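Working through the structure, step by step
Next come the chains, spelled out residue by residue.
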Amino acid sequence: MRGVILRETGKPVEVTGELSLRRPGPGEVRVRLRAAGVCHSDLSMCEGRLPARLPLVPGHEGAGEVVELGPGVSGPPVGTHVILSWIPPCGSCALCLGGQPNLCVSVPPPPSTVTFEGEPAHAGLGVGCFAEETVVDARAAVPIPDDVPFDVAAVVGCAVLTGVGAVVNTARVRPGSSVVVIGCGGVGINVIQGARLAAAAPVLAVDPLPEKLEAARAFGATHVATPDELGDAVKELTGGLGFDYAFEVVGRSATIRQAWRATRRGGTTVVVGAGSRDDQVTFSAAELFATERRLAGCLYGSGDVRTDFGRLLRLWRAGRLDLEGLISRRITLDGVGEAFAAMGSGDVIRSLVVF
């Protein structure tokens, strides 16, 4: 089986035809991948900023078709089109029953699904989408209608749910609220789409790259600024008070503080970017007390994949979400390394592996 493999953190990924996939066991299904998005979190795992076990088959934003069921598994049936979820909810733990299935930790990744050169390899975030096939827990394969294109479905699996969900699920932005989004990559663009859905105004996009700011306007930003221009934009758009909601979509302490400073007293700062465990953010006890700002983390858009995937696809069908426009280019597995390198350019929102 062909796929992408990372042997050593910080080294380039390789494409190999020497991956072997075991049969699905009890509670598992085998999925043939049809499309997989190249997310910045995949690059962060390969570079060591996010933890990952090696050797690694990266990729966690994917869609495909169920081709085999493990013993005792009743569904999703063979032939079902699915989006893969890298946080599958068990449906019965306290977090799932309490309305926070995105925080469920009761479904561990299937053990040792892939071997490489005779040794176990590890599937990125339990799904390993940069391979022709994968074996996952059946709860990680979320059925979708057969007429949804696989490329559209794939981006919903991470970037769209994370970005739109940050607005509608985590922050619960009210119409007419002011919003600033710091970081306009694949997820940040979808935060902007979420702000547009929530009827926020104004919506300020902040990024150092002019090409990303241009894309942000196309997806719903009413104003744009570089990081150096943010202070002036706060004065112009909010009278110096700060924004009702600030979304940080970079995952670095400096931009988290920047988002915090751009948030008004009593407003909400949402950290959407996946940061390093070693990158500490400092707040004084006085500023937390005196400003009454709220600081919220956001994992997987605070979503429920069992219902939110379908909800996002309905919005796409109605023309309320632009999913095709997120895909900057379509590549093969051989282009994943190049796609990682292109993430720093402003003309790529999402590279998509098509199988």
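Residues numbered from 1 in each chain as written. Predicted model: local features only at pLDDT ≥ 70, side-chain atom pairs only at ≥ 80, totals over all residues. Heavy atoms only, no water.

1. Side note on the sheet that holds strand β3 (residues 19–21)
Pairing is mixed in the open sheet, where 4 strands are placed in the order β3-β8-β9-β5. The outermost strands of the open sheet, each flanked by one partner alone, are β3 and β5 (56–57). Pairing of strand β8 (residues 114–116) with strand β9 (residues 119–123) involves 3 bridges; the strand directions are antiparallel. Across the sheet, F116 pairs through a bridge with E119, a residue of β9. (Pairing = 2+ DSSP bridges. Helix = DSSP H or I, 4+ residues; strand = E, 2+ residues; numbered from the N terminus.)

2. Notes on the nonpolar core
Ranked by internal contacts, the top residues of the largest apolar core, which has 91 residues, are F247 and L323. Ranked by residues supplied to this core, first place goes to helix α3 (residues 150–171) with 14 residues. Formed jointly, this core draws a minimum of three residues from each of two domains, domain 1 (3–157 + 325–354) and domain 2 (161–299). Beyond its immediate sequence surroundings of up to four residues, F247 is in contact with A166, V167, A171, V173, V179, V180, V181, I182, V191, V270 and V272. (Core = buried A, V, L, I, M, F, W, Y, C linked by side-chain atoms within 4.5 Å. Buried < 20%, exposed > 50% of the residue type's maximum accessible area, 1.4 Å probe, protein only. Domains from an automatic or database assignment. Contact = heavy atoms within 4.5 Å.)

3. Structural notes on the packing of α3 against helix α4 (residues 186–197)
It is the contact of α3 with α4, at a shortest axis distance of 7 Å, that shows an interaxial angle of 45°. Taken together, the axis directions place α3 and α4 in an arrangement best described as oblique. When the axes of α3 and α4 are compared, the crossing they make is right-handed. Each of A159, V160, T162, G163, V164 and V167 in α3 lies in contact with α4, whose residues at this interface are G186, V187, N190, V191, G194, A195 and L197. Among the residues forming the contact of α3 with α4, the class breakdown is 8 nonpolar, 5 polar and no charged. (Axes fitted to C-alpha atoms, helices over the stretch in contact; angles between N-to-C directions. Parallel < 35°, antiparallel > 145°, perpendicular 65-115°, else oblique. Left-handed = near helix turned anticlockwise from the far one by under 90°. Nonpolar A, V, L, I, M, F, W, Y, C, P; charged D, E, K, R; others polar.)

4. A few points about the environment of G124
Counting through the fold element by element, G124 comes out in the loop between β9 and β10 (133–137). In sequence terms G124 and C46 are 78 residues apart; their C-alpha atoms lie 9.9 Å from each other. For G124, the residues in contact, after removing those within four places along its chain, are L56, V57, P58, G59 and H60.

5. As for the domain arrangement of the chain
Taken domain by domain, the chain holds domain 1 (3–157 + 325–354) and domain 2 (161–299). One C-alpha centre belongs to domain 1, the other to domain 2; they are set 28 Å apart. For the interface between domain 1 and domain 2, the tally reads 1 residue pair in polar contact (both at pLDDT 80 or more). Of the residues contributing to the side of domain 1 that touches domain 2, the split by class is 9 nonpolar, 6 polar and 3 charged. (Polar contact = N/O pair within 3.5 Å; in protein donor to acceptor, adjacent residues only side chain to side chain.)

6. Observations regarding a negative patch on the surface
Taken together, D228, E229, D232 and E236 make up a surface patch of like negative charges. Residue position: D228 is located in the loop between β14 (223–225) and α6 (230–238). On the accessibility criterion, D228 (75% relative accessible area) is exposed. (Patch = residues over 30% accessible without salt bridge, like charges linked within 9 Å, V, L, I, M, F, W, Y side chains within 5 Å. Areas by Shrake-Rupley, 256 points an atom, 1.4 Å probe, with all protein chains shown as cover. Salt bridge = Lys/Arg side-chain N within 4 Å of Asp/Glu carboxyl O. Lys, Arg positive; Asp, Glu negative; His and termini not counted. Charge placed at Lys NZ, Arg CZ, Asp CG, Glu CD.)

7. A short note on α3
An ideal rise of 1.5 Å per residue puts 32 Å on 22 residues; α3 measures up with 29 Å between its terminal C-alpha atoms. The largest bend in α3 amounts to roughly 55° and is located at V156. Across the 22 residues of α3, 20 count as buried, placing the element largely inside the fold. Positive phi appears at R172, one or two residues downstream of α3, with a value of about 55°. (Expected span 1.5 Å × (residues − 1). Bend = angle between axes of the 7 residues up to and from the residue.)

8. Some thoughts on unusual backbone geometry
Along the chain, L54 connects to P55 via a cis peptide bond; the corresponding omega equals -10°. Inspection of the secondary structure assignment puts P55 in the loop between α1 (40–47) and β5. At S302, a residue that is not glycine, the phi angle is positive and equals roughly 50°. Structurally, S302 can be placed in the loop between β17 (294–297) and α9 (305–317). Owing to a relative accessible area of 24%, S302 belongs among the partly exposed residues under this scheme.

9. Points about the layout of surface pockets
Of the voids in this model, the second largest pocket is the one considered here, and its volume is about 230 Å³. Looking at the second largest pocket, it is lined by 13 residues, and the ones nearest its centre are G99, Q100, N102, N169 and S302. Across the lining of the second largest pocket, the residue classes tally to 2 nonpolar, 8 polar and 3 charged. (1 Å grid on protein atoms, 1.4 Å probe; cavity = no way out; pocket = protein on both sides within 12 Å on 5 of 7 lines; lining within 4 Å. Points joined across faces, edges and corners; volume = space filled by probe spheres on them.)

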